[in-house]
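Here's the letter readout for the chains.
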Amino acid sequence: MQKKLKLWDAIMLVMGSMIGSGIFIVSADMMRNLGSGFWLIVVWIITGIMTVAAAISYGELSALFPKAGGQYTYLKEIFGKKMGFLYGWGLFTVIQTGTIAAVAMAFGKFTAYLIPSLNDAAPIFQSGEFKITWIQILAIFVILLLTYINTRGVQSGKILQNIFTGSKIIALLGLIALGFILVDFSHMSENFNFGLDSFNNLKKGIDGSFLKEGWQPIGGMTLLGGIAAAMVGSVFSSVAWESVTFVSGEVENPKRNIVKSMIYGTSAVMILYIAVNFVYLNALDRDGIAFAANDRVAVAASQNIFGSAGTIIIALLVMISTFGCDNGLILAGARVFQTMAKDGMFFTSAIKNNKNEVPENALWMQGVWASILCLSGQYGNLLDMISFVIVLFYMITVFGVIYLRVKQPDLERPYKTWLYPVTPIIYLIIGTVFCILLLIYKQQYTWPGFVMVLLGLPVYYFINIKKTD
């Protein structure tokens, strides 16, 4: 593969793939679970520590296996083909394609802010609860357009990624600065007055909307359950940084630049995320965050910062953010499916590069399946169910660093995990507590995703039976 991605391009891919629509939305549900500005920030800090610890740990594996495929390759090399396949299966069926669909739909929904006729238009097709809307069609158009641009070569995808990621970083920095300068009345002290106290309010009215009354003090194990439930949102907003490992084969000096891009990129994004949440706490009171219309906290905060123009400003920012995010996800994901195909674990037609030296068939397979998920309307449910599994795969991969140190201590390691074994152990402890609490308190986020990944087992055995015949 041609080495067309420099360190800066890799950092932009990390940051661009992470920053999508989540940071503009998830804090509403997090506040309903926690009811306190203090605990909201604590959960974002925990997620930040967790994310950067994983990135530092992955650095050692990226230097050991500096080739395309990233996490799939690490799992396959350390734990065998079956584990690698199960990750790749989950990535294609839901993790990567479901995220592409969800981010594209967010682009469509915020576009509808600027073009209300998109919201008001009658469905193109409807049968019972299933319907196809113009927003879904716009989302599919974005996916297919970005897929096409990426078939034109790495250079095309790289330029687009750098422009859109740079734009949204500048816009977020502007939002953070103006969120403290232009707000007439600060709610910061009010939101932190609760101190270590925490509250829960998940009560719904007849119309399905959350009720502002009924905040219940919570503590002990109930608080831990609330933290785990809140972390589903912050973790979802902080994944996909590993996408850069998928394109290792096209990065200059991957043994150094992949690890640098992951550490610099994840650290910068998590600092931005925490700062944006301070803006929410400054511009809005607790109810304003928890019960923002359609969970669009950023819109509510922006209206307090910029007045009536706030909705337009945030809509444009989210459109830029989601467009760039989807480009990064599309660019990176196809390289995993191409690597799987080379191992005999995916459609053989995904192996071939086109004249622009990119896996065109793998790109279109990914794009078509993501488009089908858009039409199904189930991408949101799928992603909720798979959050547990995403963290589980992260944990298995981070454990792989420790496993290899024990099993093959003499391997040449161009980069060694900083503060080993403390760093990977920190991730494993936080991840384990998160998963256990979800299993206890939020089972709807756990077993369905686990079952979905296990469905890959019969596919794996079918593929291998065909090979032996």
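Presented here is a report on the structure given in the accompanying data block. Please read these numbers as outputs of a predicted model, since none were measured by experiment.

### A word on the side chain of T165
Next up, step 1: Mapped onto the elements of the fold, T165 is located in helix α8 (residues 154–181).
Next up, step 2: If we ignore the near neighbours within four places in the chain, the residues touching T165 are M12, M15 and G16.

### A closer look at the pattern of salt bridges
Next up, step 1: Counted according to the given criterion, the structure contains ten salt bridges.
Next up, step 2: The partner of D29 in a salt bridge is R32, and the shortest N-O contact between them spans 3.3 Å. With D29 and R32 both in helix α2 (residues 27–34) and three residues apart, this pair spans about one turn of that helix.
Next up, step 3: On the basis of relative accessibility, which here comes to 2%, the residue R32 falls in the buried class.
Next up, step 4: D295 serves as the salt-bridge partner of R32, at 2.9 Å between the closest nitrogen and oxygen. With a gap of 263 residues between them, R32 in helix α2 and D295 in the loop between α13 (286–290) and α14 (297–306) connect regions that are remote in the sequence.
Next up, step 5: Using a relative accessible area of 21% as the deciding quantity, one classes D295 as partly exposed.
Next up, step 6: Three or more residues are tied together by salt bridges with common partners; here these are K67, K76, E77 and D343.

### Digging into unusual backbone geometry
Next up, step 1: The peptide bond linking Y420 to P421 adopts the cis configuration, its omega dihedral lying at 0 degrees.
Next up, step 2: Looking at the element boundaries, P421 is found in the loop between α17 (379–407) and α18 (422–441).
Next up, step 3: Residue N294 is not a glycine yet carries a positive backbone phi of 55 degrees.
Next up, step 4: When you line up the elements, N294 lands in the loop between α13 and α14.
Next up, step 5: Overall, N294 belongs to the exposed group, its relative accessible area being 61%.
Next up, step 6: Positive phi is not limited to glycine here, since E357 has a value of about 65 degrees.
Next up, step 7: Within the element layout of this structure, E357 appears in the loop between α15 (310–342) and α16 (360–376).

### A look at the side chain of S198
Next up, step 1: Within the fold, S198 resides in strand β3 (residues 198–200).
Next up, step 2: Here I218 takes part through its backbone oxygen, which lies 2.8 Å from a polar atom of the side chain of S198.
Next up, step 3: Leaving out residues up to four positions away in the same chain, S198 has contacts with L34, S36, W39, Q216, P217, I218 and L223.

### A look at the environment of I169
Next up, step 1: By secondary structure assignment, the location of I169 is in helix α8.
Next up, step 2: Residue I169 is classed as buried on the basis of its relative accessible area of 15%.

### A closer look at helix α3 (residues 37–64)
Next up, step 1: With 28 residues, α3 ought to run about 40 Å at 1.5 Å a step, and its terminal C-alpha atoms sit 41 Å apart, in line with that.
Next up, step 2: With 23 of its 28 residues buried, α3 lies for the most part within the structure.
Next up, step 3: Regarding α3, its N-cap is S36, as a side-chain oxygen of that residue lies 3.2 Å from the backbone nitrogen of F38 further along.

About the criteria used
- Residues numbered from 1 in each chain as written.
- Predicted model: local features only at pLDDT ≥ 70, side-chain atom pairs only at ≥ 80, totals over all residues.
- Heavy atoms only, no water.
- Helix = DSSP H or I, 4+ residues; strand = E, 2+ residues; numbered from the N terminus.
- Contact = heavy atoms within 4.5 Å.
- Salt bridge = Lys/Arg side-chain N within 4 Å of Asp/Glu carboxyl O.
- Buried < 20%, exposed > 50% of the residue type's maximum accessible area, 1.4 Å probe, protein only.
- Polar contact = N/O pair within 3.5 Å; in protein donor to acceptor, adjacent residues only side chain to side chain.
- Expected span 1.5 Å × (residues − 1).

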